[in-house]
Amino acid sequence: MIYKTQTHYPIDTVKSQLKEKAKSVGFGILGSYEFKKILKNKGFEIEKDITVYELCNPSAAASALNTLAEISVYLPCRLSIYDENGVTILSTIGIEDILSSTGIEGELKQHMQEIFEKIRALMNSW
């Protein structure tokens, strides 16, 4: 399941504020992928301005990776930002998918749910 929210703030505003807002909930931005530019450079055009950001909460990542190496396929957390009919959309992989695919239980499951709540708070902060 994809968790998705929207805002009427312009996409450029959301992108410019993301680093500071992510920091306020314990995340850093490791990198980003501007798919429109990347694909254009490879000879393919897409209409939407889609940027995916890699978010990392170091303590959560260390805890998850020390418990279950396979969780690494979901890390870093990804946040997609794009425009759809004049509305800025933010989306990410739902925590339910991650938890059900890995069988995580107990303390790590609770910790990951708390981390996801921070990502949702970030996504809904515009």
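Conventions used here
- For every chain, the first residue of the written sequence is number 1, and numbering continues from 1 onward in sequence order.
- Only residues with pLDDT of at least 70 get local features here, since the model is predicted, and only at 80 or more are side-chain atom pairs given and counted; chain-wide, interface and lining totals rely on the full set of residues.
- Only hydrogens and water are set aside when side-chain values are computed; all heavy atoms of the structure are taken into account.
- Helix and strand definitions here come from DSSP, where helices need a minimum of 4 consecutive H or I residues and strands a minimum of 2 consecutive E residues; each element is numbered from the N-terminal end.
- Throughout, the radius of gyration refers to the C-alpha atoms, and the reference size of a globule is 2.2 Å times the residue count to the power 0.38.
- Only protein chains enter the accessibility calculation, which uses a 1.4 Å probe; a residue is then buried when its area is under 20% of its type maximum, exposed when over 50%, and partly exposed in between.
- Contact definition: two residues touch when any of their heavy atoms are within 4.5 Å.
- To be clear on the numbers: accessible area is Shrake-Rupley with a 1.4 Å probe, and residue cover counts the displayed protein chains and nothing else.
- Working convention for charge: Lys and Arg count positive, Asp and Glu count negative, and His plus the chain ends are omitted.
- Here the site of a charge means NZ on Lys, CZ on Arg, CG on Asp, or CD on Glu.
- Between N-to-C directions, angles span 0 to 180 degrees; the directions come from axes that are lines fitted to C-alpha atoms, helices contributing only their stretch in contact.
- Any angle that falls under 35 degrees is termed roughly parallel, while one over 145 is termed roughly antiparallel, one within 65 to 115 roughly perpendicular, and all others oblique.
- Crossings are sorted by hand: turned counterclockwise from the far helix by less than a right angle, the near helix makes the crossing left-handed, and turned clockwise it makes it right-handed.
- Gly falls in the polar group here, along with every residue not listed as nonpolar (Ala, Val, Leu, Ile, Met, Phe, Trp, Tyr, Cys, Pro) or charged (Asp, Glu, Lys, Arg).
- Any two strands between which DSSP finds at least two bridges are classified as paired.

Chemist: Sorry if this is basic, but what is going on with the overall build of the chain here?
Modeler: What the chain contains, in helices and strands, is five helices and five strands. For the chain, the N- to C-terminal ordering of α and β elements is β-α-β-α-β-α-β-β-α-α. Taken against the 2.2 N^0.38 rule, which gives 14 Å for 126 residues, the C-alpha radius of gyration of the chain at 15 Å falls within 12% of a compact globule. Taken along its principal axes, the extent of the C-alpha atoms in the chain is 45 × 30 × 25 Å. When burial is assessed residue by residue, the chain has 37% of its 126 residues classed as buried. Expressed as a percentage of contacts within the chain between residues at least 6 apart in sequence, the contacts between residues at least 24 apart total 69%. Within the structure as shown, the chain displays about 7500 Å² of accessible surface, and the carbon and sulfur contribution to it stands at 53%. Side chains of the chain give 14 positive and 16 negative charges; the mean places of these two sets differ by 6 Å.

Chemist: Looking at this structure, I do not really get the packing of helix α4 (residues 95–102) against helix α5 (residues 106–123). What am I missing?
Modeler: Each pair of packed helices can be summarised by the angle the axes make with each other and by the distance between the axes. As a packed pair, α4 and α5 sit with axes 10 Å apart at the nearest point and diverge in direction by 160°. Here α5 runs roughly antiparallel to α4, going by the angle between their axes. The crossing of α4 and α5 is right-handed. Residues I95, I98 and L99 of α4 form the contact with α5, whose own contacting residues are K109, M112, Q113 and F116. A breakdown of the residues in the contact of α4 with α5 according to their chemical character gives five nonpolar, one polar and one charged.

Chemist: Can you walk me through the pairing of strand β4 (residues 77–84) in this structure?
Modeler: Looking along a regular strand, one sees side chains alternate from face to face of the sheet. The sheet contact formed by strand β3 (residues 50–56) and β4 spans six bridges and is antiparallel. Following the sheet pairing, V52 is matched in β4 by S80. Looking at chain direction, β4 and strand β5 (residues 87–93) are connected through five bridges and run antiparallel. Across the sheet, E84 pairs through a bridge with V87, a residue of β5.

Chemist: Help me out: how do you make sense of the packing of helix α3 (residues 58–67) against α5 in this one?
Modeler: Axis separation between α3 and α5 bottoms out at 11 Å; the angle between their running directions is 150°. One finds that α3 runs roughly antiparallel with respect to α5. The two elements α3 and α5 cross, and the hand of that crossing is left-handed. Residues A60, S63, A64 and T67 of α3 lie in contact with α5, whose contacting residues are L108, H111 and I115. When the residues that make up the contact of α3 with α5 are grouped by side-chain class, the tally is four nonpolar, three polar and no charged.

Chemist: I'm lost on the sheet that holds β4 in this one. Help?
Modeler: Across the sheet, five strands lie side by side as β1-β5-β4-β3-β2; this open sheet has antiparallel pairing. If you trace the sheet from one side to the other, it starts and ends with β1 (2–7) and β2 (28–34), each paired once. Geometrically, the sheet is characterised by an average inter-axis angle of 25° between neighbouring strands, direction not taken into account. With respect to the sheet, helix α1 (residues 11–24) is in contact with β1, β2, β3, β4 and β5, its orientation differing from that of β4 by roughly 160°.

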